[in-house]
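# Inside the fold
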Amino acid sequence: MASRQQLTEREMSGQPAEEVGEQAMGPAFIASAASVGLSLYYFFMRGERQLGAFIGLWPPTILAFASYFNQRKMRQQLDTLTQPGTKLKNAFDSMMGNR
């Protein structure tokens, strides 16, 4: 049985790494797409150009926050895999899913 230090991302989160990334970016992508639509609506349909431009600045901010939290989660998983006492080869194998 593998020790806690040798667990892969899949075993730690219960999901493949691809699903974790998609899950984190899903709501952020929907929110940013909705804000683009809302921005276009205010800018062109309602004629409120300042409000439309302001709302148009939201998508990069939303996606930046989502990216930050995704990177933070990956960093925590990496720190868990590379605790002291873990051999470097075992840590890389665990991260790459070779075990």
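Residues numbered from 1 in each chain as written. Predicted model: local features only at pLDDT ≥ 70, side-chain atom pairs only at ≥ 80, totals over all residues. Heavy atoms only, no water.

## Here's the deal with the overall build of the protein
Scanning the protein from terminus to terminus reveals five helices and zero strands. Along the chain direction, N to C, the helices and strands of the protein fall in the order α-α-α-α-α. Counting the 99 residues in the protein, one finds 22% classified as buried. Within the protein, counting contacts between residues at least 6 apart in sequence, those at least 24 apart form 58% of the total. Put simply, the protein shows about 7,200 Å² of open surface, and 62% of that area lies on carbon and sulfur atoms. (Helix = DSSP H or I, 4+ residues; strand = E, 2+ residues; numbered from the N terminus. Buried < 20%, exposed > 50% of the residue type's maximum accessible area, 1.4 Å probe, protein only. Contact = heavy atoms within 4.5 Å. Areas by Shrake-Rupley, 256 points an atom, 1.4 Å probe, with all protein chains shown as cover.)

## Description of a nonpolar patch on the surface
On the surface, Val36, Leu38, Leu40, Tyr41, Phe44, Met45, Leu51, Phe54, Leu57 and Trp58 cluster together into a nonpolar patch covering about 1,000 Å² of accessible area. Contributions of two or more residues to the nonpolar patch are made by α2 (17-45) and α3 (49-56). Considering each element in turn, the nonpolar patch owes the most residues, six residues, to α2. You can see Leu40 is positioned in helix α2. (Patch = residues over 30% accessible without salt bridge, like charges linked within 9 Å, V, L, I, M, F, W, Y side chains within 5 Å. Salt bridge = Lys/Arg side-chain N within 4 Å of Asp/Glu carboxyl O.)

## Comments concerning the side chain of Ser32
Tracing the backbone shows Ser32 in helix α2. At 3.0 Å, the side chain of Ser32 forms a polar contact with the backbone oxygen of Phe29. Those residues in contact with Ser32 that sit more than four places away from it in its chain are Pro59, Ile62 and Leu63. (Polar contact = N/O pair within 3.5 Å; in protein donor to acceptor, adjacent residues only side chain to side chain.)

## Structural notes on the confidence of the model for the protein
Across the protein, the average pLDDT comes to 78, with 65% of residues at or above 70. Within the protein, the lowest mean pLDDT, 48, falls on helix α1 (residues 9-13), and the highest, 96, falls on α3. Contacts for the low-pLDDT stretch residues 1-10, under 50 throughout, to residues beyond four places or in other chains number 24 contacts. (pLDDT = per-residue confidence, 0-100.)

## Let's talk about the packing of aromatic side chains
Scanning the model with the defined rule gives four aromatic pairs in all. Judged by centre distance (5.7 Å) and plane angle (80°), the rings of Phe54 and Trp58 are edge-to-face. For Phe54, a relative accessible area of 48% gives the class partly exposed. Note on Trp58: relative accessible area 36%, which makes it partly exposed. Over the aromatic face of Phe43 sits the side chain of Arg49, whose NZ or CZ is 4.7 Å from the ring centroid. (Phe/Tyr/Trp six-rings, centres within 6.5 Å; stacked < 30°, edge-to-face > 60°. Lys NZ or Arg CZ within 6 Å of the ring centre and 35° of its normal.)

## Side note on the packing of α3 against helix α4 (residues 58-81)
To describe two helices that pack against each other, one gives the angle between their axes and the distance between the axes. For the pair α3 and α4, interaxial distance at closest approach is 5 Å and the crossing angle is 15°. Between α3 and α4, the angle falls in the class roughly parallel. Along its contact with α3, which presents Phe54, Ile55 and Gly56, the element α4 presents Trp58, Pro59 and Pro60. Class assignment of the residues belonging to the contact of α3 with α4 gives a composition of five nonpolar, one polar and no charged. (Axes fitted to C-alpha atoms, helices over the stretch in contact; angles between N-to-C directions. Parallel < 35°, antiparallel > 145°, perpendicular 65-115°, else oblique. Nonpolar A, V, L, I, M, F, W, Y, C, P; charged D, E, K, R; others polar.)

## Looking at the environment of Leu51
Relative to the helices and strands, Leu51 is located in helix α3. Leu51 sits twelve residues away from Ser39 along the chain, and the two C-alpha atoms are 7.5 Å apart.

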